[in-house]
Amino acid sequence: MFVLLLILIVALFGFGFLNPIWWVAAAVLAYGATRYGSDRGGGRSRGGSSDLGDYRGYQERRNRQERWDRRYSRQHRARWRREERRDREHRR
């Protein structure tokens with residue numbers, strides 16, 4: 001897939017000598033390919049699959065959710081209410 005994309009970018013760059021709009025198309029395609037690659041975990045793994053990148057994303061989402069749950073769980077509600085009351089009293 002990467003080789004075909006690279007060939008397409010080179011071909012569009014070559015057509016740019018005929019009409020400069022092809023250079024713009026090649027630049028947009030190259031930019032899109034690099035952005036897509038960085039969103040998927042920074043590139044391909046040695047096995048050629050993106051399972052590792054998907055798992056890292058899953059781990060990050062899970063860790064973020066656990067931090068949120070710990071921070072805003074029931075055991076902290078009383079403290080949050082006290083702080084809110086204190087803030088309201090200070091605003092008066």
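The rules behind the values
- Residues numbered from 1 in each chain as written.
- Predicted model: local features only at pLDDT ≥ 70, side-chain atom pairs only at ≥ 80, totals over all residues.
- Heavy atoms only, no water.
- Patch = residues over 30% accessible without salt bridge, like charges linked within 9 Å, V, L, I, M, F, W, Y side chains within 5 Å.
- Areas by Shrake-Rupley, 256 points an atom, 1.4 Å probe, with all protein chains shown as cover.
- Salt bridge = Lys/Arg side-chain N within 4 Å of Asp/Glu carboxyl O.
- Lys, Arg positive; Asp, Glu negative; His and termini not counted.
- Charge placed at Lys NZ, Arg CZ, Asp CG, Glu CD.
- Helix = DSSP H or I, 4+ residues; strand = E, 2+ residues; numbered from the N terminus.
- Buried < 20%, exposed > 50% of the residue type's maximum accessible area, 1.4 Å probe, protein only.
- Phe/Tyr/Trp six-rings, centres within 6.5 Å; stacked < 30°, edge-to-face > 60°.
- Contact = heavy atoms within 4.5 Å.
- Polar contact = N/O pair within 3.5 Å; in protein donor to acceptor, adjacent residues only side chain to side chain.

In the annotation of an unreviewed UniProt entry, the entry for the protein reads Secreted protein, and the organism field reads Streptomyces plumbiresistens.

A. Fine view of a positive patch on the surface. A cluster of basic residues, Arg77, Arg81, Arg82, Arg85, Arg86, Arg88 and Arg91, forms a positive patch at the surface. Structurally, Arg82 can be placed in helix α4 (residues 77–91). Look at Arg82 and you get partly exposed, because its relative accessible area is 46%.

B. Representation of the packing of aromatic side chains. Inspection of every chain in the model, using the stated rule, returns 5 aromatic pairs. Ring geometry for Phe13 and Phe17: centres 5.9 Å apart, planes at 80°, overall edge-to-face. Among the residues examined, Phe13 registers a relative accessible area of 46% and is labelled partly exposed. Ring pairing ties together the aromatic residues Phe13, Phe17 and Trp23, which thus form one cluster.

C. Examining the environment of Arg71 more closely. Note on placement: Arg71 falls in helix α3 (residues 51–71). For Arg71, a relative accessible area of 45% corresponds to the partly exposed category. The contact partners of Arg71, leaving out residues within four places of it in the chain, are His76 and Trp80.

D. Region of the structure containing the environment of Thr34. For Thr34, the location among the structural elements is in helix α2 (residues 21–39). Note on Thr34: relative accessible area 52%, which makes it exposed. A polar contact is formed between the side chain of Thr34 and the backbone oxygen of Tyr31, at a distance of 2.8 Å.

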